[in-house]
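# Remarks on the overall topology
Now for the letters of each chain:
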Amino acid sequence: MEAFIRGLPKAELHIHIEGSLEPEMMFGMAERNGISLPFGSVDEVRAAYEFTDLQSFLDIYYQAAEVLQTEQDFYDLMWAYLERVHRESVTHAEVFFDPQTHTGRGIPFGVVIGGLSRASVDARATLGISSFLIMCFLRHLPESDAFQTLEQASDFKDSIIAVGLDSSEVGHPPEDFASVFAAARQQGFRAVAHAGEEGPAQFITDSLDLLLVERIDHGVNCEQDPQLVERLVDEQVPLTMCPLSSVKLRVFNSIGDHSLKRLLDGGVKVTVNSDDPAYFGGYLTDNYLAVQPALGLDRADVVQLARNSFEASFLDDDRKARLIGELEGYARSEG
Ligand code: HPA
Ligand code: ZN
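What comes next concerns the included structure. (Residues numbered from 1 in each chain as written. Chains lettered and ligands numbered in written order. Predicted model: local features only at pLDDT ≥ 70, side-chain atom pairs only at ≥ 80, totals over all residues. Heavy atoms only, no water.)

### Quick notes on the site of ligand 1
The line we're drawing: We call a residue near a molecule or strand whenever a single non-hydrogen atom of that residue lies within 4 Å of it. Polar contact is the term for a pair of N or O atoms within 3.5 Å; when the atoms are in protein, one must be able to donate a hydrogen and the other to accept it, and sequence-neighboring residues count only if both atoms are side-chain atoms. Only the protein chains shown count as cover for residues, and all accessible areas are computed by the Shrake-Rupley method using a 1.4 Å probe. Both cavities and pockets are sets of points on a 1 Å grid over the protein atoms alone; in a cavity a 1.4 Å probe fits but cannot get out, in a pocket the set is open with protein on both sides within 12 Å along at least five of seven lines, and lining residues sit with an atom within 4 Å of a point. A pocket or cavity is taken to hold a molecule when more than half of that molecule's atoms are within 2 Å of the pocket's grid points. Strands are runs of DSSP state E lasting at least 2 residues, helices are runs of H or I lasting at least 4, and numbering of each runs from the N terminus. Residues are grouped as follows: Ala, Val, Leu, Ile, Met, Phe, Trp, Tyr, Cys and Pro are nonpolar; Asp, Glu, Lys and Arg are charged; every other residue, Gly included, is polar.
Close to ligand 1 lie His-16, Leu-54, Phe-57, Leu-58, Tyr-61, Asp-166, Ser-167, His-194, Glu-197, His-218, Asp-275 and Asp-276, which account for all nearby residues. Within the backbone of Ser-167, one N or O atom sits 2.8 Å away from a nitrogen atom of ligand 1. Within the side chain of Glu-197, a nitrogen or oxygen atom sits 2.7 Å from a nitrogen atom of ligand 1. A total of 260 Å² of accessible area belongs to ligand 1 in isolation, and the protein chains cover 100% of it. Judged by its atoms lying within 2 Å of the grid points, ligand 1 is housed in the largest cavity. Counting residues per element, the shell around ligand 1 draws most heavily on helix α4 (residues 54-64), which supplies 4 residues. Here the residues of the shell around ligand 1 are counted per class, giving 4 nonpolar, 4 polar and 4 charged.

Written out as structure tokens, the structure reads:
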């Protein structure tokens with residue numbers, strides 16, 4: 001089963017590129033950019049990755065992102081991620097980035113998007129892996145800030161497929177961002193939002209009704225509202241779940257408690273993702289390998305999760321059909 005999962009063609013739809021910053025790369029960039037870190041060694045950094053909730057993680061994550069300074073830094077970060085997941089059979093990735101984390105400390109939007117998109121183009125050309133960029137608004141900042149970010153993105157529209165909403169969920173409901181999401185959709189951006197990670201099921205409903213998002217990121221708290229679960233099934237709203245993340249951030253006590261299998265069996269379009277792989281103990285394949293035995297997934301479940309990941313993607317119909325065909329061929333020949 002492990003070899004089957006490693007070789008299984010799959011897509012990743014929920015990865016924050018800043019969350020793929022490995023401690024080794026953090027030290028390398030700190031050194032080349034003349035930045036001092038509050039950690040003495042790579043081991044010390046890893047030891048600090050003990051989180052009690054989302055906020056305790058975000059505090060470290062935003063601080064670490066300060067080593068990212070130049071276009072080359074953003075290129076190296078994106079390239080390292082794509083090159084790594086390409087080796088574990090990821091054929092397509094939709095990658096979040098947080099422009100405000102960088103523009104807020106004086107790094108121009110163009111530096112961020114320039115490095116990320118150049119790596120995306122190079123990875124498609126040399127490795128064959130396709131990737132899209134999703135620009136997230138930080139929900140702990142005011143909507144006016146998000147509008148400024150949308151404005152800055154206007155020169156780079158061709159490199160950004162969608163907008164998203166992330167950062168501290170509790171106390172920052174989706175309705176606070178309804179206007180900026182409407183403006184973004186009007187400009188042609190697609191839309192997703194983190195909801196129901198720590199926040200209530202109502203935030204999932206409101207993200208669908210007020211932000212008009214096409215996917216929900218995490219969505220684990222949907223089970224609080226059986227009618228909402230029914231709606232997710234009826235409308236086939238994809239949930240981009242991140243099992244290792246939800247245990248690290250103590251949403252669930254253990255992987256065995258995760259709702260993914262219950263929801264999958266109930267007909268919800270769930271997908272497996274890594275969220276912030278450098279912080280939460282693993283990349284996409286590690287997440288599949290964690291849930292498979294813990295939730296008793298069989299081969300058909302695993303193949304369904306991978307099929308969902310392509311179906312829920314923003315790929316055009318041609319490439320989507322091709323990548324699903326590749327997956328089906330693999331499942332037949334390895335099954
Ligand atoms: N939730 C909200 N914001 C985030 C996350 C997350 O899991 N990871 C990075 N930013
Ligand atoms: Zn996330």
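### Considering helix α7 (residues 109-126)
Just so we agree on the cut-off: In a helix, the anticipated span is given by 1.5 Å times the number of residues less one. Exposure is judged per residue with a 1.4 Å probe applied to protein chains only, and the accessible area is read against the type maximum: over 50% gives exposed, under 20% gives buried, and values in between give partly exposed. Any two residues having at least one pair of non-hydrogen atoms within 4.5 Å are treated as being in contact.
Spanning 18 residues, α7 covers 26 Å between terminal C-alpha atoms, matching the ideal 26 Å at 1.5 Å per step. For α7, the set of buried residues is Phe-109, Val-112, Ile-113, Gly-114, Gly-115, Leu-116, Ser-117, Ala-119, Ser-120 and Ala-123. In this fold, the buried residues of α7 make contact with α5 (71-86), β2 (90-97), α6 (99-103), β3 (130-138) and α8 (143-152). Directly after α7, the chain includes Gly-128, whose backbone phi takes a positive value near 90°.

### Looking at the coordination of the zinc ion (ligand 2)
Octahedral six-donor coordination of a metal ideally yields angles of 90 or 180 degrees, compared with 109.5 degrees for tetrahedral four-donor coordination. Condition: Any N, O or S atom lying within 2.8 Å of the metal counts as a donor, with the limit raised to 3.2 Å for Na, K and Ca; because water is left out of the atom set, some sites can appear incomplete. Square planar and octahedral assignments, for four and six donors respectively, both demand that opposite donors be over 155 degrees apart and that all other angles lie between 65 and 115; tetrahedral needs four donors with all angles between 85 and 135 degrees, and anything else is irregular.
For the zinc ion (ligand 2), the full set of protein donor atoms is His-14 (NE2), His-16 (NE2), His-194 (NE2) and Asp-275 (OD), at a range of 2.1 to 2.2 Å. One can describe the donor arrangement at the zinc ion (ligand 2) as irregular, given that its 4 donor atoms subtend angles of 80 to 172° at the metal. Counting along the primary sequence, the residues that act as donors to the zinc ion (ligand 2) give the motif H-x1-H-x177-H-x80-D. With His-14 in strand β1 (residues 10-16) and His-194 in strand β5 (residues 190-195), the pair connects residues that are 180 residues apart, well separated along the chain. Assigned by exposure class, His-14 and His-194 land together as buried.

### Some details on the state of the cysteines
This is how it is decided: When two cysteine sulfur atoms are found within 2.5 Å, that pair is recorded as a disulfide.
Following the criterion strictly, the structure yields 0 disulfides and no others. With no disulfide of its own, Cys-136 lies 12 Å from the sulfur of Cys-242, the closest cysteine sulfur. A residue is classified by how much of its surface remains accessible, and Cys-136, at 0% relative accessible area, is buried. No disulfide involves Cys-222; its nearest neighbouring cysteine sulfur is the one of Cys-242, lying 14 Å away.

### Examining the packing of aromatic side chains
Applied cut-off: Put simply, two rings from Phe, Tyr or Trp (the six-membered ring, in Trp's case) pair if the centres are within 6.5 Å, and we call them stacked under 30 degrees between planes, edge-to-face over 60, tilted for the rest. Remark: a charge is flagged as sitting over a ring if the NZ atom of Lys or the CZ atom of Arg is within 6 Å of the ring centre and within 35 degrees of the ring normal.
In total, this model carries 14 aromatic pairs according to the counting rule given. Between Phe-57 and Tyr-279, the aromatic rings sit 5.3 Å apart at their centres with planes inclined by 75°, giving edge-to-face as the arrangement. Of the two residues, Phe-57 is situated in helix α4 and Tyr-279 in helix α14 (residues 277-280); the sequence distance between them amounts to 222 residues. In this pair, the class of Phe-57 matches that of Tyr-279, namely buried. Ring centres 5.2 Å apart and planes at 55° place the aromatic pair Tyr-61 and Tyr-62 in the tilted group. Judged on exposure class, the residue Tyr-61 and its partner Tyr-62 are both buried. Aromatic rings pair up to connect Tyr-49, Phe-51, Phe-57, Tyr-61, Tyr-62, Tyr-279 and Phe-280 into one cluster. Between the NZ or CZ atom of Arg-215 and the centre of the ring of Phe-314, over which it lies, the distance is 4.2 Å. The ring centre of Phe-4 lies 4.2 Å from the NZ or CZ of Arg-299, which sits over that ring.

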